[in-house]
Amino acid sequence: MELLSANNLNKSFGGLWAVRDFNFIIELREIVGLIGPNGAGKTTVFNLLSGFYKPDTGSIIFNGENITNLKPYEICKKGVARTFQLVKPFDNLTVHHNIRIAAYNTLNSLKGAEETTLNLVNLLGMSNKRDYLAKDLTIAERKRLELGRSLATRPTLLLLDEVMAGLNSKEVNDIIDLIYKISDMGITIFIIEHIMKAIMTLSQRVIVLNYGQKICEGKPEEISRDKKVIEAYLGEDYGIPEN
Amino acid sequence: MNFSFRNLIGNRTLKLVFIFLLLLFFLLLPTFLTSYLLHVMIIILLYVYLGSCWDILGGYCGQTSFGHASFLGIGAYTSTLLLLKLNLSPWFGMIIGGVIGMLCGLFIGFLCFRYRIRESYFALVMLTFAEIIRLLFLNWKWVGGANGLLIPLKENSLYYFQFDNKLPYYYIILLMSFFILLFNNKLINSKLGDFFVAIRENEETAESIGINTTKYKLVGIALSSLFTAFGGTFYAQYLTYIDPDLTFAVGLSIEILLRPLLGGSGTLFGPTFGAFILGPLSELTRSLMHGYSGVHLMIYGLLIIAVILFFPGGISSLLKNIMKRFA
């Protein structure tokens, strides 16, 4: 079943095309990767999907509804949650409080929100950091909190913007496990990532963006062999199998 | 588990006992006070009340208003005019004044929040708003103009909100302060309070987790201006005289926000701490530095600089840090 479709999305900033004639579909419960070189327009796509930018032209259909011109909070209410590439936790609040506020998106009682928060903090593996202020966390923990906060809104579609950037390989593996767990909960995932190991193992399908345009789309192994992708992003060495 | 549960109960009863003792203290306090000291206490409590009202918008919601005197003045003028022209009890005037104050708050709030006026710009708009209203009332003959309004002496009765001694005023403002603290305590532990705090911390993040920031900022300014305008009626009835320079002054706006800032904005007892420190301080400087008007303002200035430099979270955060060190 088709969960999200973007049709002919265009967005320019003062004559510079950030996203151009971009079309794609995301199926329910899929994990889709979005890759491309720096400045390709990946985060702009997320900003369009989550309502932080309005597209110049084109439409975004989510769950059969046109959400193109909705505000960010309305889109979140519909079931699309996002993380920020540059993490934006509520710095002066505890981990617990950060997540509890987001849990109120679908809940009304303090009791319900507390319960959801406790479960989520456990899922994130941050029980021992529950009462820490967000500003006192390490970057890995802040990325985790970012994920937890967006998850607390109970989304159908989760937009993950480089949640692994700056993490060491053990931390990356932990996040990959976590994303699999989230996917098993029935949540559809659209993920931007530069760490190829992660994106190639996680994604069922990968979309490659360059200069705001889609240059390729397909299974991870197809992508890694595609000439255009190698030229624009992966580099000559990547496509060659280890020998 | 069992142990921590019992601990929780213990904490709660302890809290209730503490609050009960505090209330008892304040109920019995006037018997030990001279008329002058009672006046000082009333003014302190008035600022506890006003500071806590300000804190709903400024402390929790993070929208620093430099023009709360406008709401106070609107409340004061509404109830006084209704009393003068229609002989209506100030208690009804208080409610009507509150609603009008709230509508003014919603009006200016809508303009600011809809067009994304934030932080210091919001503070400036509010400052200007209060000044516009002051100038308006100063030149408006029907509401007394620069002469202001004198509240006519009716009778010593609760109905007319007029008493021949200060004691009833003390109990009324004590009740109002208690009510606003109760309200804020409820707010802190609610969904609405959490949304306010989210907006204060980061508006973009708040939007991204489904919070309609414009709407909730409007709720914040509505509550804050409603309660502040209630305070205006008390102000007018207690002073029995109001004029535009008294009720809409920039100085008054600053007085209102200084206490939560000093005590710790966005905390339940921050405005209270601030009021109990600044109140006696301004009285002391006024009596010690007799003849040098404005000395208390200089001391305020120094205090604010000290707070911003050394403990930006106010007295409450300072106390918390000290407690942590000893715990």
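Throughout this description, residue numbers start from 1 for each chain and increase along the sequence as written. Working convention: letters from A go to chains and numbers from 1 go to ligands, in the order in which they are written. Side-chain atom pairs in this predicted model are given and counted only at pLDDT of 80 or more, local residue features only at pLDDT of at least 70, and totals for whole chains, interfaces and linings cover all residues. With hydrogens and water stripped out, all remaining heavy atoms of the structure feed into the side-chain values.

Note on definitions: a residue-residue contact is assigned when non-hydrogen atoms from the two residues lie within 4.5 Å. In this assembly, 23 residues from chain A lie in contact with 19 residues from chain B. Taken over both partners, the interface formed by chain A and chain B buries close to 1800 Å², and the fraction arising from carbon and sulfur atoms is 59%. Throughout this description, the term salt bridge denotes a Lys or Arg side-chain nitrogen within 4 Å of a carboxyl oxygen of Asp or Glu. The interface formed by chain A and chain B contains two salt bridges. The closest approach of N and O atoms between Asp-194 of chain B and Arg-100 of chain A, which form a salt bridge, is 2.9 Å. Only helix H2 (72–78) and helix H3 (95–103) of chain A provide two or more residues apiece to the side of chain A that touches chain B. Polar here means any residue other than Ala, Val, Leu, Ile, Met, Phe, Trp, Tyr, Cys and Pro, which are nonpolar, and Asp, Glu, Lys and Arg, which are charged; Gly is therefore polar. Considering only residue class, the side of chain A that touches chain B consists of 12 nonpolar, five polar and six charged. What counts as buried area is the accessible surface, traced by a 1.4 Å probe, that two parts surrender upon association, with contributions from both included. Here a helix means four or more residues in a row that DSSP labels H or I, a strand means two or more in a row labelled E, and each is numbered from the N terminus.

Next up on the list: the pairing of strand S8 (residues 188–192) of chain A. Residues and elements named next belong to chain A. Exposure classes here rest on a 1.4 Å probe applied to the protein chains alone. A residue is buried below 20% of its type maximum, exposed above 50%, and partly exposed in between. The element S8 is largely enclosed, with a buried count of five among its five residues. Residues Thr-188, Phe-190 and Ile-192 of S8 are buried on one face, and the alternating residues Ile-189 and Ile-191, pointing to the opposite face, are buried as well. Strand pairing follows a simple DSSP-based rule, namely that at least 2 bridges must link the two strands. In this sheet, S8 lies alongside strand S3 (residues 31–35) in parallel orientation, the contact comprising four bridges. Opposite Ile-31, over in S8, you have Ile-189 as the bridge partner. Sheet analysis places strand S7 (residues 157–161) next to S8, joined by five bridges and oriented parallel. Bridging from a neighbouring strand, Leu-160 pairs with Ile-191 of S8. Where the polypeptide runs from S7 across helix H6 (residues 169–184) and back to S8, its parallel neighbour, the crossover connection is right-handed. Seen with its strands pointing away from the viewer, a crossover is right-handed when the path leading from the first strand over the helix to the second is clockwise.

With that out of the way, let us pick up the nonpolar core. Residues Met-164 of chain A together with Phe-234 of chain B are the most contacted members of the largest nonpolar core, which totals 125 residues. Top element by residues in this core is helix H2 (residues 35–60) of chain B. It accounts for 16 residues. Think of a nonpolar core as a cluster: buried Ala, Val, Leu, Ile, Met, Phe, Trp, Tyr and Cys residues, connected wherever their side-chain atoms sit within 4.5 Å. Among the nonpolar cores identified, the runner-up in size contains 26 residues, and Phe-24, Leu-49, Leu-157 and Ile-192 of chain A belong to it.

A few words on H3 of chain A. For H3 of chain A, the buried fraction is high: nine of the nine residues fall into the buried class. Along H3 of chain A, the residues classified as buried are Val-95, His-96, His-97, Asn-98, Ile-99, Arg-100, Ile-101, Ala-102 and Ala-103 of chain A. Where H3 of chain A is buried, its residues contact helix H4 (110–124) and helix H5 (139–152) of chain A together with helix H7 (191–201) of chain B.

Right, let's talk about the environment of Pro-72 of chain A for a bit. Structurally, Pro-72 of chain A is set in helix H2. Distance in space between the C-alpha atoms of Pro-72 of chain A and Thr-44 of chain A is 14 Å, their sequence separation being 28 residues. Among residues more than four places away in sequence, those in contact with Pro-72 of chain A are Ser-50, Gly-51 and Phe-52 of chain A together with Glu-207 of chain B.

All names here are of chain A. If you trace the six strands from one edge of the open sheet to the other, you get S6-S7-S8-S3-S9-S10, paired in mixed fashion. For this open sheet the edge positions go to strand S6 (80–82) and strand S10 (213–218), each flanked by a neighbour on one side alone. On average, adjacent strands in this sheet sit at an angle of 20° to one another, irrespective of strand direction. Throughout, an axis means a line fitted to C-alpha atoms (over the contacting stretch in the case of helices), and angles, computed between N-to-C directions, take values from 0 to 180 degrees. Lying on the sheet, H6 is in contact with S3, S7 and S8; it crosses S8 at an angle near 150°.

For patch building, the residue pool is restricted to those with more than 30% relative accessible area and no salt bridge; the joining distance is 9 Å between like charges and 5 Å between nonpolar side chains (Val, Leu, Ile, Met, Phe, Trp, Tyr). Method for areas: the Shrake-Rupley scheme with a 1.4 Å probe, in which residue coverage is limited to the protein chains shown. A positive count includes Lys and Arg, and a negative count includes Asp and Glu. His and the chain ends are not counted in either. By convention, the point assigned to a charge is CZ for Arg, NZ for Lys, CD for Glu and CG for Asp. On the surface, Lys-54 and Lys-71 of chain A together with Arg-114 and Arg-116 of chain B cluster together to form a positively charged patch. Tracing the backbone through its elements, the reader meets Arg-114 of chain B in helix H4 (residues 90–114).

All names here are of chain B. Put simply, helix H3 (residues 69–86) and helix H9 (residues 213–239) touch, their axes get as near as 6 Å, and they point 55° apart. When the axes of H3 and H9 are compared, the pair comes out oblique. Both H3 and H9 take part in a crossing whose hand is right-handed. Residues Phe-71, Leu-72, Gly-75, Ala-76, Ser-79, Thr-80 and Leu-83 of H3 touch H9, and the partners they reach there are Ser-225, Thr-228, Ala-229, Gly-231, Gly-232, Thr-233, Tyr-235, Ala-236 and Gln-237. Split by residue class, the contact of H3 with H9 holds seven nonpolar, nine polar and no charged. Should an angle lie under 35 degrees it is considered roughly parallel, over 145 roughly antiparallel, and from 65 to 115 roughly perpendicular; all remaining angles are considered oblique. Left-handed describes a crossing in which the near helix is turned anticlockwise from the far one by less than a right angle; the clockwise case is right-handed.

Moving on to the pattern of salt bridges. Residues and elements named next belong to chain A. The final tally for this structure, using the stated rule, is 19 salt bridges over all chains. Between Glu-65 and Lys-78 there is a salt bridge; the shortest N-O distance is 2.9 Å. On the criterion of sequence distance, the pair formed by Glu-65 in strand S5 (residues 65–66) and Lys-78 in helix H2 is long-range, its members being 13 residues apart. Glu-65 sits in the partly exposed class, given a relative accessible area of 37%. You can call Lys-78 partly exposed: its relative accessible area is 35%. Arg-142 serves as the salt-bridge partner of Asp-91, at 3.3 Å between the closest nitrogen and oxygen. Here Arg-142 lies in helix H5 and Asp-91 lies in the loop between S6 and H3, a separation of 51 residues in the sequence. Here the salt bridges share partners, and the residues they tie into one network are Glu-30, Arg-205, Lys-214 and Glu-217.

Residue and element names in this part refer to chain A. Unlike most non-glycine residues, Asp-21 shows phi in positive territory, near 45°. With respect to the helices, strands and loops of the structure, Asp-21 is situated in strand S2 (residues 16–27). The class for Asp-21 is partly exposed, based on a relative accessible area of 43%. For Arg-154, which is not glycine, the phi torsion reads 55° and is therefore positive. Topologically, Arg-154 is positioned in the loop between H5 and S7.

Time to look at the sheet that holds strand S4 (residues 57–62) of chain A. All names here are of chain A. With antiparallel pairing, four strands are arranged side by side in an open sheet as S2-S1-S4-S5. Each edge of the sheet is formed by a strand with only one pairing partner; in this case those strands are S2 and S5. Two strands pair when backbone bridges link them, and strand S1 (residues 2–13) and S4 are joined in this way by five bridges, in the antiparallel orientation. Bridge pairing in S4 links Asn-7 to Ser-59. Contacts between helix H1 (residues 42–49) and the sheet are confined to S1, S2 and S4, with S2 contributing the most and set at about 65° to the helix.

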